[in-house]
Amino acid sequence: MGTPASFSPDRTAAEVAELTLAASAMTPEVTARRVRQRRQMYASQVVSYSLGASVLLLYAYAGAVEMIVPSLFWLGGLTIIGTFTVLSESGFEDRFTDHYLTVYQITAHMTLQLVFLLSVPTIGICFVSVLFLIFAFGTLRMTSRQAMTTWGLATAGLVTVFVFTDLPIGLPVATRLERIASMLCFVLVIGQCSFLGLFGSTLRKILYTRSIELKAAYQRIEELAELDELTGSYNRRCIMRLLDEEIAQARKTETPCAIALIDLDWFKRINDAHGHPIGDEVLRTFAITVFANIRPVDRFGRYGGEEFLLLLPETEGDAAARILDRLRMIIADLDWSAFSPSMRVTISAGVAALRDNDNADTFLARADSSLYSAKARGRNRISAS
């Protein structure tokens, strides 16, 4: 007659989705939400037992059971609910992965139904029908092992009642009032089954939504793991991996490939004169400018400090030098007065085109040699090899 099913299926399903998908670490917000959801579930159980006791009261008025039965049933349900409420409010339930303690709740509610099945067998079908509802709720939360355990306990109880006793398990329908009470018994069970259907449907929808959100979160984590936090360009590990991929792709398709090592001229002086926060803004502005002036197929990453690596697929050495010279002029023409009235920022770059015998190390070494040459010749220039 009573059931642990919650009448708030959307919120409870969200919590199940969280248990399935979220990390084990608990935050105060998650803990508070769990407590709130358990309160809603326990309030729903109080309503459920109250309705069940009302049906038993009709049976009592019809003379099918003793008048004390509804009160005892209601008090028994409240005792179970009260016990788990105390455990919830004390934080005890939050120690467990299944913070609803589903198996223990199911066992307690099932035991109560079996006790009244033995005590009042003349309306025993009412209590048996609720067992289906209890287990329907439990299967949404239990593992296979837990389900087998509780099923075994239920089987043992039912075997005891049906095989080892001769109790007349029935459903009284002799009078109009008994028929109404029996009808209401099944109406309540069917109604709560409907809520469980909504519970399961909402659970599937939220799990699907959470899976999409989780994929997006993983993708974002992967992106962040590849990006330099300050400039938004690829970090060294990622740009080096992309360099290997570009070399392999160029060899496979027999297309040209070029790279450029770019260095901000006299960047240490900028940090010394204006401070590291201004230096960070200069690096960030430089990176944004580069992103705005390269092709979608190009790859740009921070090689280290104020040095950056630009990958130029399907680009000959001469064309790469022209691209870098245009970038050099754009950077030199930028208005840096927002950082300091006297500030001027320029770049030097070493360009290298891929050769047949190149690997990543030799490719980079030639670009680095060209960069050294550009600096030796006075900076703010491009050198190619």
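Provided above is the structure to which this section pertains.
Residues numbered from 1 in each chain as written. Predicted model: local features only at pLDDT ≥ 70, side-chain atom pairs only at ≥ 80, totals over all residues. Heavy atoms only, no water.

**Student:** Let's hear about the nonpolar core: which residues, and what values?
**Tutor:** Counting 41 residues, the largest nonpolar core has Leu56, Tyr59, Val65, Phe116, Val120, Ile123 and Phe127 as the members making the most contacts within it. Mapped onto this core, the elements with two or more residues apiece are helix 2 (28-62), helix 3 (68-89), helix 4 (102-119), helix 5 (124-138), helix 6 (144-162) and helix 7 (176-226). When residues in this core are grouped by element, the largest group, 9 residues, is from helix 5. Of all hydrophobic cores here, the second largest spans 29 residues; its members include Leu264, Phe286, Ala287 and Val351. (Core = buried A, V, L, I, M, F, W, Y, C linked by side-chain atoms within 4.5 Å. Buried < 20%, exposed > 50% of the residue type's maximum accessible area, 1.4 Å probe, protein only. Helix = DSSP H or I, 4+ residues; strand = E, 2+ residues; numbered from the N terminus.)

**Student:** Can you explain the sheet that holds strand 2 (residues 299-304)? Please cite residues and give values.
**Tutor:** Across the sheet, 5 strands lie side by side as 2-3-1-4-5; this open sheet has mixed pairing. Only two strands of the sheet have a single partner each, and these edge strands are strand 2 and strand 5 (382-384). The mean inter-strand angle of the sheet, taken between neighbouring strand axes irrespective of direction, is 20 degrees. Relative to strand 3 (residues 307-313), strand 1 (residues 257-264) is paired through 7 bridges, and the arrangement is antiparallel. Paired with isoleucine 259 across the bridge in strand 3 is leucine 311. Along the sheet face, helix 10 (residues 276-291) touches strand 1, strand 2, strand 3 and strand 4 (347-353) and points at about 155 degrees away from the line of strand 2. (Pairing = 2+ DSSP bridges. Axes fitted to C-alpha atoms, helices over the stretch in contact; angles between N-to-C directions. Contact = heavy atoms within 4.5 Å.)

**Student:** Explain helix 9 (residues 267-274) residue by residue, including any values.
**Tutor:** Phe267, Ile270 and Asn271 are the residues of helix 9 that are buried. The buried residues of helix 9 occupy an angular sector of 95 degrees when projected down its axis, which confines them to one face. Residues Lys268, Arg269, Asp272 and Ala273 are exposed on helix 9 and point more than 90 degrees away from its buried face. The secondary structure elements touched by the buried residues of helix 9 are strand 1 and helix 10. (Arc of directions from axis to C-beta.)

**Student:** Mind laying out the pairing of strand 1, listing which residues take part and the relevant values?
**Tutor:** Of all 8 residues making up strand 1, 8 are buried, and the element is well covered by its neighbours. Burial along strand 1 is two-sided: Cys257, Ile259, Leu261 and Asp263 facing one way and Ala258, Ala260, Ile262 and Leu264 facing the other are all buried. For strand 1 and strand 4, the ladder comprises 7 bridges, and the chain directions are antiparallel. Within strand 4, the residue paired with alanine 258 across the bridge is alanine 353.

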